[in-house]
Amino acid sequence: MVTASQLESWRRMGLLPRHRRRGLGRGRGSVVDVVDPVVVESAAALARHLRQGRDRRLAVLEWFVEAGMPVLPGAVRVPEPPVACVREALVWVVERSVSQRVVEFARSVAGTGEEGLDALYEVSGRLMRPYRGAADPVLVRAALEAGEDVPVEAEGPGFGSVVHLIAAIGVGAQEVGSDALAEAFAAIGMFGLTVEDWARMLGAAERGEGPPVDWGLLQQNADMVAQVLRASDEELVRAREVLVGLRMFYALYVLHGLLLPDTPAQAALRQRIDDLGMFPLLDQVIAISPSPRQVAEFLALCLEPFLGNLYEALMEQFAQDPDIFSLPGDATGPVGFGETWMRTVRELSSSGRAVSGGEDDDPGEWASVQPDDGVASQPG
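Figured I'd write up the structure that's included with this text. Predicted model only: the values in this text are computed from it and were never measured.

### Notes on the overall build of the protein chain
Thinking step 1. What the protein chain contains, in helices and strands, is 19 helices and 2 strands.
Thinking step 2. Expressed as a percentage of its 380 residues, the buried residues of the protein chain come to 47%.
Thinking step 3. Taking the intrachain contacts of the protein chain between residues at least 6 apart in sequence as the baseline, contacts between residues at least 24 apart amount to 69%.
Thinking step 4. Counting every atom, the protein chain has about 19100 Å² of accessible surface; 55% of that belongs to carbon and sulfur.

### Remarks on unusual backbone geometry
Thinking step 1. Phi is positive for L259, close to 65°, though the residue is something other than glycine.
Thinking step 2. Mapped onto the elements, L259 comes out in the loop between α14 (233–256) and α15 (264–276).
Thinking step 3. By relative accessible area, which is 6% here, L259 ends up buried.

### Overview of helix α7 (residues 137–146)
Thinking step 1. Here α7 has its buried residues at P137, V140, R141, A143 and L144. Take α7 and look down its axis: the buried residues cluster within an arc of 165°, on one side only.
Thinking step 2. Of the surrounding elements, those touching the buried residues of α7 are α14, α16 (279–285) and α19 (334–350).
Thinking step 3. Between the side-chain oxygen of the N-cap and the backbone nitrogen of V138 there are 2.9 Å, and the N-cap of α7 in question is D136.
Thinking step 4. Count one or two residues on from α7 and you reach G147, which has phi positive near 70°.

### What to know about the side chain of R247
Thinking step 1. Following the sequence through the fold, R247 ends up in helix α14.
Thinking step 2. The side chain of R247 is buried and forms no salt bridge, while E62, the nearest opposite charge, is found at 9.1 Å.
Thinking step 3. Excluding anything up to four places from it in sequence, R247 contacts V65, M69, I286, A287, I288 and P290.

### Describing the environment of H49
Thinking step 1. Relative to the assigned elements, H49 resides in helix α2 (residues 37–49).
Thinking step 2. The exposure class assigned to H49 is buried, which follows from its relative accessible area of 12%.
Thinking step 3. Separated by 10 residues in the primary sequence, H49 and A59 have C-alpha atoms spaced 4.8 Å apart.
Thinking step 4. For H49, the residues in contact, after removing those within four places along its chain, are R54, A59, E62, W63 and E66.

### Things to note about the packing of aromatic side chains
Thinking step 1. Within the structure shown, the criterion is met by 5 aromatic pairs.
Thinking step 2. Note on Y250 and F279: the rings are 5.9 Å apart at their centroids and 15° apart in plane angle, and the pair reads as stacked. Placement of the pair is Y250 in helix α14 and F279 in helix α16, with a sequence separation of 29 residues.
Thinking step 3. Exposure remark for Y250: the relative accessible area of 1% places this residue in the buried category.
Thinking step 4. Looking at F279, the relative accessible area reads 10%, which means it is buried.
Thinking step 5. Pairwise contacts between aromatic rings join Y250, Y253 and F279 into one cluster.

### Section: the packing of helix α8 (residues 163–171) against helix α10 (residues 178–188)
Thinking step 1. Relative orientation of the contacting elements α8 and α10 amounts to 125°, with a least axis distance of 7 Å. With respect to α10, the axis of α8 lies oblique. Mapping the contact onto sequence places H164, L165 and A168 in α8 and A180, L181, E183, A184, F185 and I188 in α10.
Thinking step 2. Broken down by class, the residue content of the contact of α8 with α10 amounts to 7 nonpolar, 1 polar and 1 charged.

### With respect to a negative patch on the surface
Thinking step 1. There is a patch of like negative charges on the surface, built from E114, E115, D118 and E175.
Thinking step 2. The element best represented in the negative patch is helix α6 (residues 113–127), accounting for 3 residues.
Thinking step 3. Along the chain, E115 falls in helix α6.
Thinking step 4. Residue E115 is classed as exposed on the basis of its relative accessible area of 67%.

### Considerations on the nonpolar core
Thinking step 1. Residues L90, L181, L246 and L307 are the most contacted members of the largest nonpolar core, which totals 89 residues.
Thinking step 2. Of the residues forming this core, the biggest block, 10 residues, is contributed by α14.
Thinking step 3. Filtering out sequence-adjacent residues up to four positions away, L90 remains in contact with L61, V228, L236, A296 and L299.
Thinking step 4. In terms of nonpolar packing, the next biggest core, distinct from the first, is built from 7 residues, A135, A143, V150 and L348 among them.

### Quick look at the environment of G333
Thinking step 1. Mapped onto the fold, G333 is located in the loop between α18 (305–320) and α19.
Thinking step 2. Residue classification places G333 among the buried residues on the basis of a relative accessible area of 10%.
Thinking step 3. Along the backbone, G333 and D323 are 10 residues apart, and their C-alpha atoms lie at a distance of 8.7 Å.
Thinking step 4. Ignoring any residue separated from it by four or fewer positions in sequence, one finds G333 in contact with F325 and S326.

### With respect to the side chain of Q317
Thinking step 1. Relative to the helices and strands, Q317 is located in helix α18.
Thinking step 2. Sequence-distant contacts of Q317, defined by excluding residues within four places in its chain, comprise A268, L269 and R272.

### Digging into the pattern of salt bridges
Thinking step 1. Within this structure, the stated rule accounts for 16 salt bridges.
Thinking step 2. Put simply, E66 and R48 hold a salt bridge, and the shortest N to O gap is 2.9 Å. Of the two residues, E66 sits in helix α3 (residues 56–67) while R48 sits in helix α2, which places them 18 residues apart along the sequence.
Thinking step 3. R141 is paired through a salt bridge with E145; the nearest N and O atoms lie 3.2 Å apart. Here the residue R141 and the residue E145 both occupy positions in helix α7, the gap between them amounting to 4 residues, near one helical turn.
Thinking step 4. According to the relative accessible area criterion, E145 is exposed, its value standing at 52%.
Thinking step 5. Sharing partners across several salt bridges, the network here consists of R238, E241 and E312.

Calculation notes
- Residues numbered from 1 in each chain as written.
- Predicted model: local features only at pLDDT ≥ 70, side-chain atom pairs only at ≥ 80, totals over all residues.
- Heavy atoms only, no water.
- Helix = DSSP H or I, 4+ residues; strand = E, 2+ residues; numbered from the N terminus.
- Buried < 20%, exposed > 50% of the residue type's maximum accessible area, 1.4 Å probe, protein only.
- Contact = heavy atoms within 4.5 Å.
- Areas by Shrake-Rupley, 256 points an atom, 1.4 Å probe, with all protein chains shown as cover.
- Arc of directions from axis to C-beta.
- Polar contact = N/O pair within 3.5 Å; in protein donor to acceptor, adjacent residues only side chain to side chain.
- Lys, Arg positive; Asp, Glu negative; His and termini not counted.
- Salt bridge = Lys/Arg side-chain N within 4 Å of Asp/Glu carboxyl O.
- Phe/Tyr/Trp six-rings, centres within 6.5 Å; stacked < 30°, edge-to-face > 60°.
- Axes fitted to C-alpha atoms, helices over the stretch in contact; angles between N-to-C directions.
- Parallel < 35°, antiparallel > 145°, perpendicular 65-115°, else oblique.
- Nonpolar A, V, L, I, M, F, W, Y, C, P; charged D, E, K, R; others polar.
- Patch = residues over 30% accessible without salt bridge, like charges linked within 9 Å, V, L, I, M, F, W, Y side chains within 5 Å.
- Charge placed at Lys NZ, Arg CZ, Asp CG, Glu CD.
- Core = buried A, V, L, I, M, F, W, Y, C linked by side-chain atoms within 4.5 Å.

As structure tokens, then:
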């Protein structure tokens, strides 16, 4: 239940527009002839997300994401929140994130030598929660179908080495060294390159035998607050589109490990992700059900053209074969798809086999749920 005082408070904060009013003449005040449905739907959206005791900026971020979700047939599109309020919320969350705080500390120890570098690694290890990464959904699925434990090789890479990138942002790449940076890039998993591959390329660049590395670009993009502040309104909306789209593609890939019925369209999307070597990166910057704080960091990351290009590549593949929920030869379409999945899961449950594999496994270990402060393993 929304009270009149709440509505007036939201209007004063710039969260809600006012209904158009018509003057009744000198000294007679004004009246609302027609209730604006945008105002009503905006108030309803804000009320859904603004629970008692919750900061309004977190509610604004949830509202912003909801407004960018696909609209089901017959449903009413959720109005957009004021972009200025969205930007304010993004900056507020990102400024307080672990990622941003660690980057700022890294910059503060520049020029302090080994002592500063040691302090940076100590602080990073204390603040950043280790994240092992999602297990390979293909190997998880194969183990479940065979009634076996999930193999150790299915476990995702550890991302502790990413702290070397943070150190490079703060004290410079030369101080960190190409070998440590090769470990960091391999931990991210981009392009499927190994530590040896990265060490070879970075070493060649260091000796002037290969393309130079623009470390200044890394330092510039590490400041997520600055990125949000200089982004246009259109770029913020575009970042949301990229985030919502990548979340769908990431979910399809992860749910393949939970026996989601496979289709040629899904297989083609996974193949495109594998060809680009992007699943480990998606696993770090996307979550299926993110918290508002994660949303803020993910949105800032999705301002990067690199992720926008990945989204476009996957949308191109999706346009070629959009029947991701239609099993070959099954005329029932998504209904039959859903029934097949539920039947498979029931059969798995009745067999007594645990989805997580071995009895000592933590089922949350391979599900990509990053900590509530955002992408703790990211340099920002």
